[in-house]
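Chain and residue survey
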Amino acid sequence: MNESASNAPIYNQNNMYSEQMLDHFQNPRNAGEISNPDATAEVENPACGDILRLTLKVSDGHIVAARFKAKGCVASMACGSALTELVTGKSLREARTTQPEQVAAAVGGLPQASTHAAHLALDVLLAALKQIPASP
Ligand SMILES: [Zn+2]
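Okay, so let's go over this structure. As the structure is a prediction and not an experimental result, all values here were calculated from the model.

1. Points about the pairing of strand E1 (residues 39-45)
- Both E1 and strand E2 (residues 50-59) contribute to a ladder of 7 bridges, which runs antiparallel. Residue pairing in the sheet places Asn 45 in a bridge with Asp 50 of E2.
- With antiparallel pairing between neighbouring strands as the criterion, E1 and E2 make up a hairpin whose turn holds 4 residues, including Gly 49 at a positive phi of roughly 80°.

As structure tokens, this is what we get:
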């Protein structure tokens, strides 16, 4: 605790973010875009202007790859990263039942002011899944 106090990043004043969230923010998983995705979605949160873009590759009814791009606050970038990890390997059916709480848990919990980030992640996921025909 004490050795990090002097060089605490300015975006983590008051330690409002968990270590998992900062890890996702600093080392985003699956950042970028799939070149010929099966689904693409982009959602903007009008409240704070965050934009989350998600591309998915689907094979045999399962999400085999997910990539995200995010513009916005630390929480939205972290939730985008966590979302890709959460859904990769899931069946479309499972992915459709993802809850914002799972995204929040994957980043170590969200401060009250940042819960919009988990909802944004869910919105973009559901928007992308809508483009994929329901599996037989
Ligand atoms: Zn935000």
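2. A closer look at helix H6 (residues 115-129)
- With 15 residues, H6 should reach 21 Å at 1.5 Å per residue; the first-to-last C-alpha distance of 22 Å fits that figure.
- Along its buried surface, H6 packs onto E1, E2, helix H3 (74-87), helix H4 (92-96) and helix H5 (100-106).

3. Digging into the nonpolar core
- Ranked by size, the top nonpolar core spans 37 residues in total, and within it Ala 78, Cys 79, Leu 83, Val 103, Ala 121 and Leu 125 carry the most contacts.
- Going through the elements one at a time, helix H2 (19-26), E2, strand E3 (62-71), H3, H5 and H6 are the ones with two or more residues in this core.
- Discounting residues that sit within four places of it in the chain, Leu 83 has contacts with Phe 68, Val 103, Ala 121 and Leu 125.

4. Some points on the environment of Phe 25
- Considering the arrangement of structural elements, one finds Phe 25 in helix H2.
- Residue class for Phe 25 comes out buried when judged on the 23 C-beta atoms lying within 10 Å of it.
- Between the C-alpha atom of Phe 25 and that of Ala 82, which follows or precedes it by 57 residues, the distance is 9.5 Å.
- Contacts of Phe 25, omitting those with residues within four sequence positions, involve Val 74, Met 77 and Ala 78.

What counts, and at which threshold
- Residues numbered from 1 in each chain as written.
- Predicted model: local features only at pLDDT ≥ 70, side-chain atom pairs only at ≥ 80, totals over all residues.
- Pairing = 2+ DSSP bridges.
- Helix = DSSP H or I, 4+ residues; strand = E, 2+ residues; numbered from the N terminus.
- Expected span 1.5 Å × (residues − 1).
- Contact = placed C-beta atoms within 7 Å.
- Core = buried A, V, L, I, M, F, W, Y, C linked by C-beta atoms within 7 Å.
- Buried ≥ 20, exposed ≤ 12 C-beta atoms within 10 Å, placed from the backbone.

Everything listed is a geometric property; what it means functionally is a separate question.
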